[in-house]
Amino acid sequence: MGLFYSRNDLHTEDVPQGLNQWVNHPEADPRMPNLFAARALILPSQGHSFHCHPGREEIICVLSGTIAQWIGQDRRVLRSADCACIPAGVVHASFNIGKEPAVLFVVLSGASLTEPLAIDMADKDPWRSLPTP
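None of these values were measured; they are calculated from a predicted model.

## Describing the pairing of strand β10 (residues 102-109)
Pairing between strand β3 (residues 35-42) and β10: 8 bridges, direction antiparallel. Counted as the bridge partner of A38 is V106 from β10. Relative to β10, strand β5 (residues 58-64) runs antiparallel, the two sharing 6 bridges. Across the sheet, the residue bridging to S64 is V103, located in β10.

Here it is in structure tokens:
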């Protein structure tokens, strides 16, 4: 049986770059253990710096706003309805380069919950030397 979530059901998490609203997080709702999904709000001039997800693929869809999306050392500007697909373990980052908050819908495939959700790579080469807003 499928699951329905209203906006009141979402687990909201304040993060340095803005806000994450988890649609499904296996630690919060174990009924779908192989899927992470969130609505992420990134404030202007903020971002989710370079990181990777061991064992997890990710899809990022821009709902509104403008972001500079890095996948490895490749940078693209994404706007509403643009998406990025990131293979497991690949370093990536998302930065809001617009004047309004950017809203993303993010889906990560499952992996063992003993694996970290993300590993920070922002202070490692070559990521620390790449230009960011």
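## A closer look at the pairing of β5
Sheet topology places β5 next to strand β8 (residues 83-86); 4 bridges connect them, and they run antiparallel. From the neighbouring strand, E58 faces β8, where its bridge partner is I86.

## With respect to the pattern of salt bridges
Across all of its chains, the model carries 3 salt bridges by this definition. Salt-bridge contacts for D74 lead to R76; the nearest nitrogen and oxygen are separated by 3.4 Å. Residue classification places D74 among the partly exposed residues on the basis of a relative accessible area of 39%. On the basis of relative accessibility, which here comes to 52%, the residue R76 falls in the exposed class. Note that K124 and D123 form a salt bridge whose closest N and O atoms lie 3.5 Å from each other. Under the relative-accessibility criterion, K124 is labelled partly exposed at 40%.

## Brief notes about the sheet that holds strand β6 (residues 67-71)
Ordered by their spatial adjacency, 5 strands build an open sheet running β7-β6-β9-β4-β11, and the pairing between neighbours is antiparallel. The sheet is open, and its two borders are formed by β7 (74-78) and β11 (119-120), each paired with just one other strand. As defined by bridge partners, β6 adjoins β7 across 5 bridges and the pair is classed as antiparallel. Directly across from I71, in β7, lies its bridge partner D74.

## What about the nonpolar core?
Formed by 15 residues in total, the largest nonpolar core has its most connected members in I60, V62, I67, L78, L104 and V106. Counting residues per element, the ones that place at least two in this core are β3, β5, β8 and β10. Ignoring sequence-local partners within four residues, the contact set of I60 consists of Q69, D82, C83, A84, I86, H92, S94, L104, F105 and V106. Judged by nonpolar contacts, the second largest core, of 9 residues, contains V91, A93, F95 and W127.

## Focus on the side chain of H92
Assignment of secondary structure puts H92 in strand β9 (residues 92-96). For H92, a relative accessible area of 1% puts it in the buried group. At 3.4 Å, the side chain of H92 forms a polar contact with the side chain of H53. Of note is the side chain of H92, whose polar atom sits 2.7 Å from the side chain of E58. H92 has contacts with S49, F50, H51, C52, H53, E58, I60, Q69, W70, I71 and I86, leaving out every residue within four places of it along the chain.

Reading guide: rules and limits
Residues numbered from 1 in each chain as written. Predicted model: local features only at pLDDT ≥ 70, side-chain atom pairs only at ≥ 80, totals over all residues. Heavy atoms only, no water. Pairing = 2+ DSSP bridges. Helix = DSSP H or I, 4+ residues; strand = E, 2+ residues; numbered from the N terminus. Salt bridge = Lys/Arg side-chain N within 4 Å of Asp/Glu carboxyl O. Buried < 20%, exposed > 50% of the residue type's maximum accessible area, 1.4 Å probe, protein only. Core = buried A, V, L, I, M, F, W, Y, C linked by side-chain atoms within 4.5 Å. Contact = heavy atoms within 4.5 Å. Polar contact = N/O pair within 3.5 Å; in protein donor to acceptor, adjacent residues only side chain to side chain.

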